[in-house]
Each structure stands twice: as C-alpha cells, then as structure tokens.
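Geometric and topological summary
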Amino acid sequence: MKMKTLQSIGILMPGDMGHACGQALIQSGFRVVTFLGGRSDHTQSLSASAGIESLASLDDVIRQSDLILSILPPQHAHGIATEVADVMANIGCFPDYADCNAISPKSAKNISELFSNLPVNFIDGGIVGFNPIKEDGRTRLYVSGENLSLISQIDGRGMVVKPVGHLIGQASTLKMIYASATKGAFSLFAAVAVMSELAGLREELFLELEDSKPDILKTMLRMVPRIPLDSGRWIPEMEEIADTYKQFGMTPKFHEGAKDLMQIALNTPLSAETRETLPQDFDIQEALEMYVSALGDLKS
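Cut-offs used in this document
Every chain is numbered on its own, with residues counted from 1 as its sequence reads. The model is predicted, so local features are restricted to residues of pLDDT at least 70 and side-chain atom pairs to those at 80 or more, both for listing and for counting; the totals for chains, interfaces and linings are taken over all residues. As a convention, hydrogens and water are excluded, and side-chain values are obtained from all of the structure's heavy atoms. Under the pairing criterion, centres of Phe, Tyr and Trp rings, with the six-membered ring standing for Trp, must be within 6.5 Å; the plane angle then separates stacked pairs below 30 degrees from edge-to-face pairs above 60, leaving the rest tilted. Secondary structure is summarised from DSSP: a helix means a run of H or I of at least four residues, a strand means a run of E of at least two, and numbering begins at the N terminus for each. With a 1.4 Å probe rolled over the protein chains alone, any residue whose accessible area is under 20% of its type maximum counts as buried; one over 50% counts as exposed, and the rest are partly exposed. A 3.5 Å cut-off defines polar contacts: any pair of N or O atoms within that distance qualifies, except that in protein one atom must be a possible hydrogen donor and the other a possible acceptor, and neighbouring residues in sequence count only when both atoms are side-chain atoms. What makes two residues a contact is simply this: any of their non-hydrogen atoms within 4.5 Å. Put simply, a nonpolar core is a bunch of buried Ala, Val, Leu, Ile, Met, Phe, Trp, Tyr and Cys residues held in one set by side-chain atoms that sit within 4.5 Å of each other. Working note: the arc is built from the helix axis to C-beta atom directions. When the sulfur atoms of two cysteines come within 2.5 Å, that pair is taken as a disulfide. Any two strands between which DSSP finds at least two bridges are classified as paired. When the strands point away from the viewer and the path from the first strand over the helix to the second turns clockwise, the crossover is right-handed. A carboxyl oxygen of Asp or Glu within 4 Å of a side-chain nitrogen of Lys or Arg is what we treat as a salt bridge. Interaxial angles span 0 to 180 degrees and are taken between N-to-C directions of axes, which are lines fitted to C-alpha atoms, for helices over the stretch in contact. Note that the term roughly parallel is reserved for angles under 35 degrees, roughly antiparallel for angles over 145, roughly perpendicular for angles of 65 to 115, and oblique for everything else. Take the far helix as the reference: if the near one is turned anticlockwise from it by less than a right angle, the crossing is left-handed, and if turned clockwise, right-handed. Residues are grouped as follows: nonpolar covers Ala, Val, Leu, Ile, Met, Phe, Trp, Tyr, Cys and Pro; charged covers Asp, Glu, Lys and Arg; every other residue, Gly included, is treated as polar.

A few words on the packing of aromatic side chains. A complete count under the given rule lists three aromatic pairs for this structure. A centroid spacing of 6.1 Å and a plane angle of 20° characterise the contact between Tyr97 and Phe122, whose relative ring orientation is stacked. One end of the pair, Tyr97, is in strand β5 (residues 96–99); the other, Phe122, is in strand β6 (residues 122–128), and 25 residues separate them in sequence. With a relative accessible area of 0%, Tyr97 lands in the buried category. Judged by its relative accessible area of 8%, Phe122 is buried. Arranged with centres 5.8 Å apart and planes meeting at 35°, the rings of Phe115 and Phe122 form a pair that is tilted.

Okay, the side chain of Ser144 next. By secondary structure assignment, the location of Ser144 is in strand β7 (residues 140–144). Residue Ser144 is classed as buried on the basis of its relative accessible area of 0%. Reaching out from Ser144, the side chain makes a polar contact with the backbone oxygen of Leu167 at a distance of 2.8 Å. Reaching out from Ser144, the side chain makes a polar contact with the backbone nitrogen of Ala171 at a distance of 3.2 Å. Contact partners of Ser144, with chain neighbours within four places excluded, come to Ile123, Asp124, Val164, Gly165, Leu167, Ile168, Gly169, Gln170 and Ala171.

Relative to the helices and strands, Gly232 is located in helix α9 (residues 227–247). The spacing of Gly232 and Arg222 is 10 residues in sequence and 18 Å in space, taken between C-alpha atoms. Not counting chain neighbours up to four residues away, the residues in contact with Gly232 comprise Gln75 and Leu266.

It is characteristic of soluble globular proteins that their nonpolar side chains tend to be buried jointly. The biggest cluster of nonpolar side chains holds 36 residues, and the ones touching the most others in it are Phe206, Val224, Ile227, Leu288 and Tyr291. At the level of elements, α6 (170–198), α7 (202–212), α8 (214–223), α9, α10 (253–266) and α11 (284–299) are the ones that each hand at least two residues to this core. Among the nonpolar cores identified, the runner-up in size contains 24 residues, and Ile11, Ile71, Leu148 and Ile151 belong to it.

Along α8, the positions that sit buried rather than exposed are Leu217, Thr219, Met220 and Met223. Around the axis of α8, the buried residues are gathered within 160° of arc, so they sit on the same side. More than 90 degrees from the buried face of α8, the exposed residues found are Asp215 and Lys218.

Another point: the state of the cysteines. Under the definition given, this model contains zero disulfides. For Cys21, which is in no disulfide, the shortest distance to another cysteine sulfur is to Cys100 and amounts to 7.6 Å.

The next point concerns the pairing of strand β4 (residues 67–70). By the alternation rule, side chains of β4 split into Leu67 and Leu69 and Ile68 and Ser70, which are all buried. The sheet contact formed by strand β1 (residues 8–12) and β4 spans four bridges and is parallel. For Ile11, the partnering residue across the bridge sits in β4 and is Leu69. Where β4 meets β5, four bridges bridge the pair, whose relative direction is parallel. Looking across to β5, one finds that Leu67 is bridged to Asp96. For the crossover that starts at β4, traverses helix α4 (residues 77–91) and ends in the parallel β5, the hand is right-handed.

Once that is clear, we can look at the pattern of salt bridges. Overall, the coordinates contain 11 salt bridges when judged by the stated rule. As a salt-bridge pair, Asp230 and Arg233 come within 3.0 Å of each other at their nearest N and O atoms. Highlighted residues: Asp230 and Arg233, both in helix α9, separated by three residues, approximately one helical turn. With its nearest N and O atoms 2.8 Å apart, the salt bridge here joins Glu239 to Lys259. Placement of the pair is Glu239 in helix α9 and Lys259 in helix α10, with a sequence separation of 20 residues. Linked by salt bridges that have partners in common, Asp16, Asp230, Arg233 and Arg275 make up one network.

Direction vectors running N to C along helix α1 (residues 18–27) and helix α2 (residues 41–50) enclose 15°, while the axes themselves pass 9 Å from each other. Between α1 and α2, the interaxial angle falls into the category roughly parallel. Of the two possible hands of crossing, α1 and α2 adopt the one that is right-handed. Residue-level contacts link His19, Gln23 and Ile26 of α1 to Leu46, Ser47, Ser49 and Ala50 of α2. Along the lines of polarity and charge, the residues of the contact of α1 with α2 split into three nonpolar, four polar and no charged.

Glancing now at the sheet that holds β6. Within a sheet, each strand pairs with its neighbour through backbone hydrogen bonds, oriented either parallel or antiparallel. Within the open sheet, the eight strands sit side by side as β3-β2-β1-β4-β5-β6-β7-β8. Their pairing is mixed. Either end of the sheet is taken by a strand with one partner, and the two such strands are β3 (53–55) and β8 (160–165). Each neighbouring strand pair of the sheet contributes to a mean axis angle of 30°, computed without reference to strand direction. Sheet strands touched by α1: β1, β2 (31–35), β4 and β6. Its angle to β1, the strand with the most contacts, is close to 170°. On top of the sheet, α6 reaches β6, β7 and β8; it is set at about 20° to β6, its chief contact.

Given below as structure tokens:
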C-alpha cells in the first residue's frame, strides 16, 4: 500500500509554541492552517506573524488537514479534543490527531478514548526543547502510537520526530519526566532565592553561590523573573506531572510544591509581562521583592 504524503497540517492552537511550530513547518514546505475563533489578540498576532493560514471554522481545518497537532496549555487539551472529535463525527472527515500537550499518561489515554469510536489514528506526543524557530529545527517531538507513518514525515522538516513506542501514554510520560526535571529545578531554585530574601540573606547566599555553584546562581538570575511569564500554564503542568509520579508510585509532593511556588509567581506583577516585553536584564532584587509581596498577599 502506498504511503500517504503529508501535505497540510492543522495546528490548534498557534500560541507561543504552536505558532513557531507552524512557522518552522511552513518553511519546510508544508501548508499549515488553523482556526482562530475566540482566540486572544496575542495568539492571532503570533499566528499571522508565522504565516499560518486562518480558516473560517474548525470544520474547515479538519477537512483541509492530513494531520492535526494539538499544542496548547494542558488544561485545555481535553476540551479541544472533545470539540474536534464531535466535529469529525458530524462531517465524516478523519485526519490523524496528535495530542502534543504536557499531560500525564492517564490524561493522554482519556483523550484518546474520545476518538475510540471513530476511524481516527490518535498519536500521543510530547514536545521537548524551545520552540523550533529558536532551536533552528532541533525541537524534539516524541511520539507514540500504533501508526506513526504520517507524523514521522515531519522529521527533519521543522522538527525532530522521535518515536518511543506503540502505546498511548509513552510519549507523554517521557515529556512529564523531562519537564519534572527542568521546571521542577527552576521552581526549587526560585524558592531558594525567595527564602534568602525572606531571611534577609540574599546577598550572602548569592555571593556563596557565585563562588561555589555559579551554574545554580545563573539559573536563578535568569528564571526567577521569567517563571511568572509562564506560570499560568505551568501550574496545570505541575498538576499533570504530580499525577504522573503518583501513577508510578512515586511521591507527587516535589511538584505539588513547585505548583505552590508558581502560584506565588502568578500573583506577581511580572505575570502580566510576556517574553517580548520583559527586559532581559530585569533586576533580581525587584523580582524577589515582588515574590515576597505576592506570598504575603496569598497568606492574607
């Protein structure tokens, strides 16, 4: 049987990660489409800047796509999949559907069941790395499922596709483990920095780290002001990571604590900033003062 050629890809939704995936795929010769109904001005602007084609309805995206990539904050993964499955059933069109969100393996399996009564090839995915434009096409898309032939045609054409098995949940599990290390460490270092501010020992701690653990200090200086920018979507991701750990019999408490730290970050004025508006050299002392103030507000 002749393998189908991947030509048109639907992206739901073209936000911070999704628009860059779309741009990289367009540069590699794919047609990329989306539906922007109800999306924010920021998402619409990102999509336009990436050159993604905006269609009139979700029905049109499904009809005109060979493959749909779901790339959005984890708390919305089930909702968009439900909507897509309903539309597919109504119009009788069934492109491959890849859930590329930061969700637990249990969540991935629950979402796959939405398509179980449809002739849809469901793919479990997890994106690792910065977006494909920053990574110059080296962003990794880990995938698992029974049929990976179509999505594998993306490999080397905007992203690196890495199959990890045939079971739904395997790719999501790998993503969860990876993010538990990176974002979990960022949260721990931020908590340490906030503690030093609360104790009145920030200067002493930073001098010690500069001498003995400069890499940790470098991460603190970079991430403390930046965690608030992503805290709104990282909080539900920490919930998914904690749930993943619990599913495997490991303690979820590390990442429940990380969620608490991100909740403090979300309540700072920095959470209203974006990667484009936050100065690269934002003052760490001012950022820590914001965290301390937010912590006080949450306690009260």
